[in-house]
Structures are given as C-alpha cells and as structure tokens.
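Chain and residue survey
Here's the letter readout for the chains.
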Amino acid sequence: CPESLKSIQNHTTHCSLIFTSGVSITTGLLVGADGIHSTVRQLAEIQNKEYDYQQEAIIATVHTEKKHEQTARQIFLPTGPLAFLPLANPHHCSIVWSTTPEAVERLKALSNELFCSELANAFEHHLGKIESTSMRLSFPLKAQQCEQYVKPGIVLIGDAAHSIHPLAGQGANLGIADAVCLAAVILEAKRKQRTIGALHTLRYYERERR
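Residues numbered from 1 in each chain as written. Predicted model: local features only at pLDDT ≥ 70, side-chain atom pairs only at ≥ 80, totals over all residues. Heavy atoms only, no water.

**Quick notes on helix 4 (residues 170–191)**
When the terminal C-alpha atoms of helix 4 are compared, their 32 Å separation across 22 residues agrees well with the 32 Å that a helix rising 1.5 Å per residue should span. Among all positions in helix 4, only Gly175, Asp178, Cys181, Leu182, Val185 and Ala189 are buried. Buried residues along helix 4 cover an arc of 130 degrees about the axis, so they all sit on one side. Opposite the buried face of helix 4, at more than 90 degrees from it, the exposed residues are Ala172, Ile176, Val180, Leu187, Lys190 and Arg191. Structurally, helix 4 contributes buried residues whose contacts are with strand 4 (30–32), strand 12 (154–156), strand 13 (162–163) and helix 5 (199–209). Gln193 lies just past helix 4 and shows a positive phi near 60 degrees. (Helix = DSSP H or I, 4+ residues; strand = E, 2+ residues; numbered from the N terminus. Expected span 1.5 Å × (residues − 1). Buried < 20%, exposed > 50% of the residue type's maximum accessible area, 1.4 Å probe, protein only. Arc of directions from axis to C-beta. Contact = heavy atoms within 4.5 Å.)

**What about the sheet that holds strand 1 (residues 5–10)?**
One open sheet holds the three strands; their spatial order is 1-2-3, and the pairing between them is antiparallel. Of all the strands in the sheet, the pair left with one neighbour each is strand 1 and strand 3 (24–27). Ignoring strand direction, the axes of neighbouring strands in this sheet form an average angle of 20 degrees. As paired strands, strand 1 and strand 2 (residues 15–19) are joined by five bridges and run antiparallel to one another. Its bridge partner being in strand 2, Leu5 is matched across the sheet by Phe19. (Pairing = 2+ DSSP bridges. Axes fitted to C-alpha atoms, helices over the stretch in contact; angles between N-to-C directions.)

**Topic: the pairing of strand 2**
Remark: a regular strand shows side chains that alternate across the two faces of the sheet. When you tally the buried positions in strand 2, you get five out of five residues, the bulk of the element. Residues of strand 2 alternate between two faces, with Cys15, Leu17 and Phe19 on one and Ser16 and Ile18 on the opposite face, all of them buried. Turn length for the strand 1-strand 2 hairpin, with the two strands adjacent in sequence and antiparallel, is four residues. Relative to strand 3, strand 2 is paired through four bridges, and the arrangement is antiparallel. Bridged to Ser16 within strand 3 is Thr26. Hairpin connection between strand 2 and strand 3: a loop of four residues separates the two successive antiparallel strands, and Gly22 in this loop has a positive phi of roughly 100 degrees.

Right under this line is the structure:
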C-alpha cells in the first residue's frame, strides 16, 4: 500500500507483478482476492458471466433502540431479505435491505425520520425504534461466475471468482471455503514437492470450488 497493480506477466513457474510506481515483484503464486471488480481477474484476462437479480441493496449504519446482543438478524419480505448485522457499539447495526430498484429509489428519497420509521416497521420492531441512520448507499445485486478460477501462477478466490446474492452471508462462507481449499492444495503441493503455481496443481482447487 498504496501501490496498485498495473500488469501481470505469468510464466510456467511464477508471476511477475508490475505496479503503477514501476516497482516489480516476483511470486510463485498470485492469489486474486480483490473482490467482485477484481483487477487481478481483469489483468489475467479471465472471463466471467453475470446474472442480474433485478434487485438492489440499500446499505447504512443505524442506531437502534434495543441492543443487538451481538446477533445478526434477517427478515424475509416479499421483495427480498432485510438484514441487521451487529457492530461494535451495542446499539449500532449495519443494514442490507434487498428490494426492487423502484423501492430503493423511493427509500433513498425519504427523509431520515421517515426512512427510520419505515425500516422499523419492515423489521417488525425486533430492535425497537430506529433512532438514526447514516447516509444511505445502494448497489445492484448480481451473481457472477468465472469461466476459470486458475491460470499458471494465478488463482482467484472469493468474490473475484464467484459472487452471489448477499442473502444469509453465503458469499462470505464461499470465500472462506475457497481459502481453506486453496491452503490445503498448497500444503499438499509443498509436501509432494510440486510447484504451487503450476496449472496441474491449481486444477485440484478449481475442480473442487467450481
């Protein structure tokens, strides 16, 4: 940090990374864990397919009347799920409200007071009144799946490889399982004295995780 990746040159046994400052490093394996808009994926020219859920998610931090008790809660509405995720402050939650684009536009246009009231009603007052909210942001919900997760010296994990609806945190679970699988593949390759970035090594990871 604050370097950013400019180009990748992948070879049979290693990768060379060139940063915007001109600094270059070499690694036996480059792990692209840089999210849904992965720079690693783009520079590696790995194609991905998208599926539009026809939904958007509103995100904000809210102050609730009742304490969240370190518990994540989710309610299922006709237009999509609404999640309250606990933060360090016992009265603060991060919300993810998945609904139609039209509803998102209307909810973002409401005053803070009206939004808090509507949010509390939608959540059936499980945490009492919503006393305040931060700025409301939104983003479209899409699924994506890469055509390949690996190239020689390069592997994608988490949202860089595949992303799904934020329902129930399943995307996070997928990313953790990717990391566990990749670690096992690397350890086995080291045990058998194989090159960790070789395509035949990384295929084990790709087959399991796809």
